[in-house]
2 protein chains.
Amino acid sequence: MNDNRKHIEVCFTPGEYEYFKGEYDIVVVIDVLRATSAICAAFDNGVNSIIPVATVEEAKEYQAKGFLVGAERKGQIVDGFDFGNSPYSYMKEEFRGQDIVLSTTNGTKALSIASNAPTVVVGSLLNLDALCQWLEEQEKNTLCLCSGWQDKFNLEDTVCAGAISEYLISTGKFTSDEDSSIAAKYLYLSAWVNPIGYLKSSSHRRRLKNLNLNEDIKYCLTPNQTDVIPILRDGKLVKL
Amino acid sequence: MNDNRKHIEVCFTPGEYEYFKGEYDIVVVIDVLRATSAICAAFDNGVNSIIPVATVEEAKEYQAKGFLVGAERKGQIVDGFDFGNSPYSYMKEEFRGQDIVLSTTNGTKALSIASNAPTVVVGSLLNLDALCQWLEEQEKNTLCLCSGWQDKFNLEDTVCAGAISEYLISTGKFTSDEDSSIAAKYLYLSAWVNPIGYLKSSSHRRRLKNLNLNEDIKYCLTPNQTDVIPILRDGKLVKL
């Protein structure tokens, strides 16, 4: 047993982050449906940077300055904004090379509360393998911060965090201590055969389905579509 | 599909209770290791009532009045008190017919925050079947409130909550909507073949093992040792 193993732990909600913070070199912010998936899709499409903002008010200020600004609340585009957090919004030609601003219900809130950590990166199922390999190379104490849904536990973020944990533990360089991390790993192991089937009962998936976002859901739940790892630098997400 | 089905949901920690409260007729407070297990053991042994108090200060006040008072913090008996939350403490002859007072790290805190719910009962693996049957008969919206460990998610409480959910859903009279409830059910289903083996990696179990509480752990993780259902009435737990 390697005693120098680093920790890979899972925090289920932004509200619980206060019990974890300060102990981790790297925080991976996860909001599978859909903010961090959309962010990965945007960088894959050549966006230059994304400024995550916590409130709609901040988003409006950036809009007044002429930025391309997206805002989503409760699964829908906020009135007065051009896009929300559908990954497909970010695949347009006009987004390439741009600096854009984004505010979402859960994901950008999680990015905001994690912003004081030494290193903050963005995780989703879309960049899973690339992210896992990079985290393995860093070999630092790592926390997966799930965005949840309105401060409650969320199944798809936890399964993604469990996938990251399981990979890192399998390298022999990492270990988990927290019960939340152990549970995330178990949930991932029972989900992985068929993630879309497994998550069909997820409350958030049902919520999005009611908004006719099935294409978004299918895209966000399909692993390894990109190698990009968005990283937070001076309040801005850029491509690593 | 029965549209009149009641809800059985799971709240992972006392800190998240604020997002659930007010919507449930019955709250089941769970602290498998060890407060709610000890409470079930106490009533099984003929204790008359248990007054749960949140703070050590309140516990001391009752001690001054001549009550039998237990207090536990971080797995150990608090200095100046005669017992903590080991179920074996409550099996003594001298406890029969007595009114006792108890303050613990997590369990009595959860009881305290749930105390305004219409009905509050105590759940553990020890009274699992009796509790499930009673909840089925009540057929009301029910929330399992896990006590967690120092405000963090806890595996054994969640597995117990998942067992209750799975039973109630299987009756066809209940359904679950929250992702936390779905996760608890999955965790229970993967744990149930061998709960002690499954929970061997649990952080709290490891913590108690370091305090040489293996007999307590084995007892608390052995389901269906009693039919008692402790219920909160006017701030006091009594046998239903």
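Residues numbered from 1 in each chain as written. Chains lettered and ligands numbered in written order. Predicted model: local features only at pLDDT ≥ 70, side-chain atom pairs only at ≥ 80, totals over all residues.

In this structure, the amide linkage connecting Leu-33 of chain A to the following residue, Arg-34 of chain A, adopts the cis form with an omega of 10°. Positive phi is not limited to glycine here, since Asn-224 of chain B has a value of about 60°. Secondary-structure assignment places Asn-224 of chain B in the loop between helix H9 (214–220) and strand E10 (230–233). (Helix = DSSP H or I, 4+ residues; strand = E, 2+ residues; numbered from the N terminus.)

Before going further, it helps to examine the interface of chain A and chain B. Listed per partner, the contact involves 23 residues of chain A and 23 residues of chain B. Looking at the side of chain A that touches chain B, the elements with two or more residues in it are helix H5 (155–170), helix H6 (179–191) and helix H8 (203–210) of chain A. With seven residues, H6 of chain A is the largest single contributor of residues to the side of chain A that touches chain B. Considering only residue class, the side of chain A that touches chain B consists of eight nonpolar, nine polar and six charged. (Contact = placed C-beta atoms within 7 Å. Nonpolar A, V, L, I, M, F, W, Y, C, P; charged D, E, K, R; others polar.)

All right, on to the packing of helix H5 (residues 155–170) of chain B against helix H6 (residues 179–191) of chain B then. Residue and element names in this part refer to chain B. Direction vectors running N to C along H5 and H6 enclose 100°, while the axes themselves pass 7 Å from each other. Here H5 lies roughly perpendicular to H6, going by the angle between them. Where H5 abuts H6, its residues Thr-158, Val-159, Ala-161, Gly-162, Ala-163, Ser-165 and Glu-166 lie against Ser-181, Ala-184, Lys-185, Leu-187, Tyr-188, Leu-189 and Ala-191. Taken together, the residues that form the contact of H5 with H6 break down as eight nonpolar, four polar and two charged. (Axes fitted to C-alpha atoms, helices over the stretch in contact; angles between N-to-C directions. Parallel < 35°, antiparallel > 145°, perpendicular 65-115°, else oblique.)

Turning our attention to the pairing of strand E7 (residues 119–123) of chain A. All names here are of chain A. For E7, the buried fraction is high: four of the five residues fall into the buried class. Relative to E7, strand E2 (residues 26–30) is paired through five bridges, and the arrangement is parallel. For Val-29, the partnering residue across the bridge sits in E7 and is Val-122. (Buried ≥ 20, exposed ≤ 12 C-beta atoms within 10 Å, placed from the backbone. Pairing = 2+ DSSP bridges.)

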